[in-house]
Amino acid sequence: SNSYITTTAQLVPGHNYVFVPFTDLPYEDSWRLCVYTDSDDVDVAPLQDTGGEWHEKSIADVWKEEPVRMSVNARGKMTVVAQSSNVYIRLRVFGADQQQIAAMPSFWHYEALLEFDVPADAKLPLVVVAEGVMKAENGQVPAARQPFDIRVLSVDAALKCELMDT
């Protein structure tokens, strides 16, 4: 569906929970589920094979007055989500040959999302570039000392991501 829903829950260790998605047209719509926890001792798995599971990798750090670059190895459908409080964010994706694959034309406040298909002939690894700027008295400045989280979701089970040195 085209809805983005966020919910928070306090779960009890040792118990099993089931997420039931609500879609506009049952059995004809699509949905994604992302689970964020404060513990690594959590298993998330479908009750049955859906044949369309997305895989996720995330990187968290702080802005250092320059764009953040991630190396991504994956093919097929992909979504990149970047979040950072008090920061305006723009995302761009390039092939290893520096050919632009996808881009946002403008900066978005707090959260930027880019959905695209990786062309079959794209040279891997992809390079995801997240630019962050903050408001300042004289206009805007590169984002600094603010935490960020970048998540890459892909249908490719072999998804690999790592932060690149700038």
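Read on for a plain summary of the structure. (Residues numbered from 1 in each chain as written. Predicted model: local features only at pLDDT ≥ 70, side-chain atom pairs only at ≥ 80, totals over all residues. Heavy atoms only, no water.)

Counting secondary structure elements, the chain contains zero helices and nine strands. Put simply, the chain runs from its N terminus to its C terminus through helices and strands in the order β-β-β-β-β-β-β-β-β. Taking all 166 residues of the chain together, the buried fraction comes to 30%. Sequence separation of at least 24 residues holds for 74% of the intrachain contacts in the chain that already meet a minimum separation of 6. Accessible surface computed for the chain: about 11800 Å², of which carbon and sulfur atoms make up 49%. (Helix = DSSP H or I, 4+ residues; strand = E, 2+ residues; numbered from the N terminus. Buried < 20%, exposed > 50% of the residue type's maximum accessible area, 1.4 Å probe, protein only. Contact = heavy atoms within 4.5 Å. Areas by Shrake-Rupley, 256 points an atom, 1.4 Å probe, with all protein chains shown as cover.)

Tracing the backbone through its elements, the reader meets R151 in strand 8 (residues 144-154). At 2.7 Å, the side chain of R151 and the side chain of D149 are in polar contact. (Polar contact = N/O pair within 3.5 Å; in protein donor to acceptor, adjacent residues only side chain to side chain.)

With that out of the way, let us pick up unusual backbone geometry. A cis amide bond links L124 with the next residue in sequence, P125, at an omega value of 0°. Its location among the elements puts P125 in the loop between strand 5 (108-118) and strand 6 (126-136). Here E65, not a glycine, exhibits a phi torsion of approximately 60°, which is positive. Even without being glycine, R145 reaches a positive phi, approximately 60°. By the element assignment, R145 lies in strand 8.

Time to look at the packing of aromatic side chains. For the structure shown, the criterion picks out one aromatic pair. Relative to F148, the ring of W63 has its centre 5.0 Å away and its plane inclined at 50°; by these criteria the two rings are tilted. Of this pair, W63 sits in strand 1 (residues 55-64) while F148 sits in strand 8, and the two are 85 residues apart along the sequence. One exposure class covers both W63 and F148, and it is buried. (Phe/Tyr/Trp six-rings, centres within 6.5 Å; stacked < 30°, edge-to-face > 60°.)

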